[in-house]
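# Report on the structure
The primary structure of each chain is shown beneath.
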Amino acid sequence: MSLLSQMFPSSPAFTEKDIPELSGKARLCHYLLLCERVYLVTGGYSGVGLEVCRVLYHRGGQVIIVGRSQESYETAVKDIKSNPGRIADSKPGSLEWVKVDLADLTTIHPAIEELLARIERLDVVWYNAGVMFPPVGSKTKQGYELQWGTNVVAHFALHKLLTPLLISTAASSPTGTVRAIWVSSIAHTRSPKPYGINFDDINYAETRRFLSWITYAQSKAGAVLLADEYAKQSVAGAAVEEDGRKKNHVISISVNPGNLKTNLRRYSSRLSNFLFDFILYPQRLGGLTELYGGLAPETGEEEFNGGYVIPFGRKGEIATYVKKGLTEACTGKKLWDLLEEEVKPYIYNRCES
Ligand SMILES: NC(=O)c1ccc[n+]([C@@H]2O[C@H](COP(=O)([O-])OP(=O)(O)OC[C@H]3O[C@@H](n4cnc5c(N)ncnc54)[C@H](OP(=O)(O)O)[C@@H]3O)[C@@H](O)[C@H]2O)c1
């Protein structure tokens, strides 16, 4: 029933009209300076990410798009600026591009270091970019299976670099407003058994025959696990406590944006795309679902921390066996520790190198 309701969801309750103005030097940041709110979206120049950026921009947000193609970014800027979608009273913010190829870990640190030297705060980050069903054997520059490396490993590295700024922003912001959104999918319910991640052969390098959907599904279970684990770490690390509850920490949520008409199916056959077209929804609805996770007041409540959003903007439940892995086999912590070791060489301190 839950799967069906995720595949054929009802109309969104949270829409453009519910998103407040995001501009205004209304917030304190370092050294008592007043700063604009800042939003970062990976893969923000197409598909779901583009719709997230469209709304953020026209509601006055300072939007940073992380991606690898300048041409795609420039096309998106024209599209976003000329088309406010369903926002009647556009209050344009700003858009900028940070060049990162998530399939090459060496591109992340230099670009993000340069970005961090320029921005004073980071309010919400959407780890949205993704690749699905490339030919079996496709790999990242560092030799990771392409979907695992792009969707999970690279976003983890990015998150490690952004964490200090997220934490410092949260410390000076109302509780629940600073968030990390990990984009998952209904596909995580098809991730490998018993717990969603094939820890014995995470890159499927030793597995003789497999289909690329299994590594896509695993990568989307990875997003769920990292959201859960970071939620725990974030609460545990929160400095402020009031009425027995932690405050001013970063909220971490995973999101299934829905099944949508985007470029994600670029590697799928024409026939499959033709057939799927009948059950896919406009990408705007996926954008609203990701925005619900990042901006809705209720998703900023502590009860939502570590939770899962389903289309088109509701609280959902992750697959039972993936949840069981989190509680019985500590899969979130296990994945976190594994990735931490793996990305270490790519997250360096200039003084150490
Ligand atoms: N569409 C759906 O039905 C659906 C369903 C569930 C979940 N999702 C998730 O939603 C997210 C957004 O997907 P979408 O549907 O909007 O697909 P999309 O239109 O293909 O967008 C994916 C974005 O990721 C970027 N990307 C891919 N590889 C990258 C790399 N190596 N470095 C930097 N950026 C890279 C793409 O940039 P390039 O153009 O440069 O490749 C593109 O901007 C994904 O995480 C996907 O798994 C989508």
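To keep things clear, this report deals only with the structure shown in the data block. (Residues numbered from 1 in each chain as written. Predicted model: local features only at pLDDT ≥ 70, side-chain atom pairs only at ≥ 80, totals over all residues. Heavy atoms only, no water.)

### Re the overall build of the protein
Along its length, the protein carries 10 helices and 12 strands. Projected onto its principal axes, the C-alpha positions of the protein cover 55 × 45 × 40 Å. Split into buried and exposed, the 353 residues of the protein put 55% on the buried side. Partitioning the intrachain contacts of the protein with sequence separation of at least 6 by distance along the chain shows that 76% fall at a separation of at least 24. With the model as given, the accessible surface of the protein reaches about 15,900 Å², and the carbon-plus-sulfur share is 55%. For the protein, the distance from the average site of its 40 positive side-chain charges to the average site of its 38 negative ones is 5 Å. (Helix = DSSP H or I, 4+ residues; strand = E, 2+ residues; numbered from the N terminus. Buried < 20%, exposed > 50% of the residue type's maximum accessible area, 1.4 Å probe, protein only. Contact = heavy atoms within 4.5 Å. Areas by Shrake-Rupley, 256 points an atom, 1.4 Å probe, with all protein chains shown as cover. Lys, Arg positive; Asp, Glu negative; His and termini not counted. Charge placed at Lys NZ, Arg CZ, Asp CG, Glu CD.)

### Topic: the environment of Q70
Within the secondary structure layout, Q70 lies in helix α3 (residues 70-82). Under the relative-accessibility criterion, Q70 is labelled partly exposed at 44%.

### Focus on the layout of surface pockets
Taken as a whole, the second largest pocket holds about 260 Å³ of empty space. In terms of lining, the second largest pocket is formed by 17 residues, of which the most central are D228, G306, G307, I318 and K323. Breaking the lining of the second largest pocket down by element, the ones donating at least two residues are α6 (212-237), β12 (314-316) and α9 (320-328). Counted by class, the lining of the second largest pocket contains 6 nonpolar, 5 polar and 6 charged residues. (1 Å grid on protein atoms, 1.4 Å probe; cavity = no way out; pocket = protein on both sides within 12 Å on 5 of 7 lines; lining within 4 Å. Points joined across faces, edges and corners; volume = space filled by probe spheres on them. Nonpolar A, V, L, I, M, F, W, Y, C, P; charged D, E, K, R; others polar.)

### Quick word on the sheet that holds strand β10 (residues 251-255)
Reading across from one edge, β5-β4-β3-β6-β7-β10-β11-β12 is the order of the 8 strands in this open sheet, with mixed pairing throughout. The sheet is open, and its two edges are formed by β5 (94-99) and β12, each paired on a single side. Looking at each pair of strands side by side, their axes are set apart by 25 degrees on average, direction ignored. The strands that helix α2 (residues 47-58) touches are β3 (38-42), β4 (62-67), β5 and β6 (124-127); relative to β3, the one it contacts most, it runs at about 165 degrees. Contacting β3, β6 and β7 (179-183), helix α5 (residues 146-171) crosses the sheet at an angle of about 175 degrees to β6. (Pairing = 2+ DSSP bridges. Axes fitted to C-alpha atoms, helices over the stretch in contact; angles between N-to-C directions.)

### Some details on the site of the ligand
Taken together, 28 residues are adjacent to the ligand, and Y45, R68, N128, Y216 and T262 come closest. Here K220 contributes a side-chain N or O atom positioned 2.8 Å from an oxygen atom of the ligand. When the ligand sits alone it has 880 Å² of accessible area, and the protein chains cover 95% of it. Put simply, the parts of the chain that give the shell around the ligand at least two residues each are α2 and α6. Considering only residue class, the shell around the ligand consists of 11 nonpolar, 13 polar and 4 charged. (Near = heavy atom within 4 Å. Polar contact = N/O pair within 3.5 Å; in protein donor to acceptor, adjacent residues only side chain to side chain.)

### Description of the nonpolar core
Residues I108 and L162 are the most contacted members of the largest nonpolar core, which totals 54 residues. In this structure, L162 is in contact with L40, I112, L116, L122, V125 and Y127, ignoring residues within four places of it in sequence. Ranked by size, the runner-up nonpolar core spans 37 residues in total, among them Y45, V63, I80 and I87. (Core = buried A, V, L, I, M, F, W, Y, C linked by side-chain atoms within 4.5 Å.)

### Remarks on helix α8 (residues 283-295)
The terminal C-alpha atoms of α8 lie 18 Å apart, and with 13 residues this matches the ideal 18 Å at 1.5 Å per residue to within 8%. Most of α8 is tucked away, with 13 of its 13 residues classed as buried. (Expected span 1.5 Å × (residues − 1).)

### Observations regarding the environment of G176
By the element assignment, G176 lies in the loop between α5 and β7. Those residues in contact with G176 that sit more than four places away from it in its chain are H249, I251 and G300.

### A short note on α3
Residues three or four positions apart in an α-helix share a direction because the helix packs 3.6 residues into each turn. With 13 residues, α3 should cover 18 Å at 1.5 Å per step; its first-to-last C-alpha distance of 18 Å lies within 8% of that length. When we look at burial in α3, the residues that qualify are Y73, A76, V77 and I80. Angularly, the buried residues of α3 cover 105 degrees about the axis, an arc narrow enough to put them on a single face. Away from its buried face, by an angle of more than 90 degrees, α3 presents the exposed residues E71, K78 and S82. Looking at the packing, one finds that the buried side of α3 touches α2, β4 and β5. (Arc of directions from axis to C-beta.)

### Points about a nonpolar patch on the surface
Together, L271, F274, L275 and F278 give the surface a local cluster of nonpolar side chains, amounting to about 500 Å² of exposed area. Structurally, L271 can be placed in helix α7 (residues 270-276). (Patch = residues over 30% accessible without salt bridge, like charges linked within 9 Å, V, L, I, M, F, W, Y side chains within 5 Å. Salt bridge = Lys/Arg side-chain N within 4 Å of Asp/Glu carboxyl O.)

### Digging into the pattern of salt bridges
For the structure on display, the rule yields 15 salt bridges. A salt bridge links R54 to E51, with the shortest nitrogen-to-oxygen separation between them at 3.1 Å. Of this pair, R54 and E51 are both found in helix α2, 3 residues apart, which corresponds to roughly one turn of the helix. Both residues of the pair, R54 and E51, count as buried. We note a salt bridge from K323 to E317, for which the minimum N-O separation is 3.2 Å. A residue is classified by how much of its surface remains accessible, and K323, at 41% relative accessible area, is partly exposed. Look at the salt bridges and you will find they share partners, linking E51, R54 and D79 into a network.

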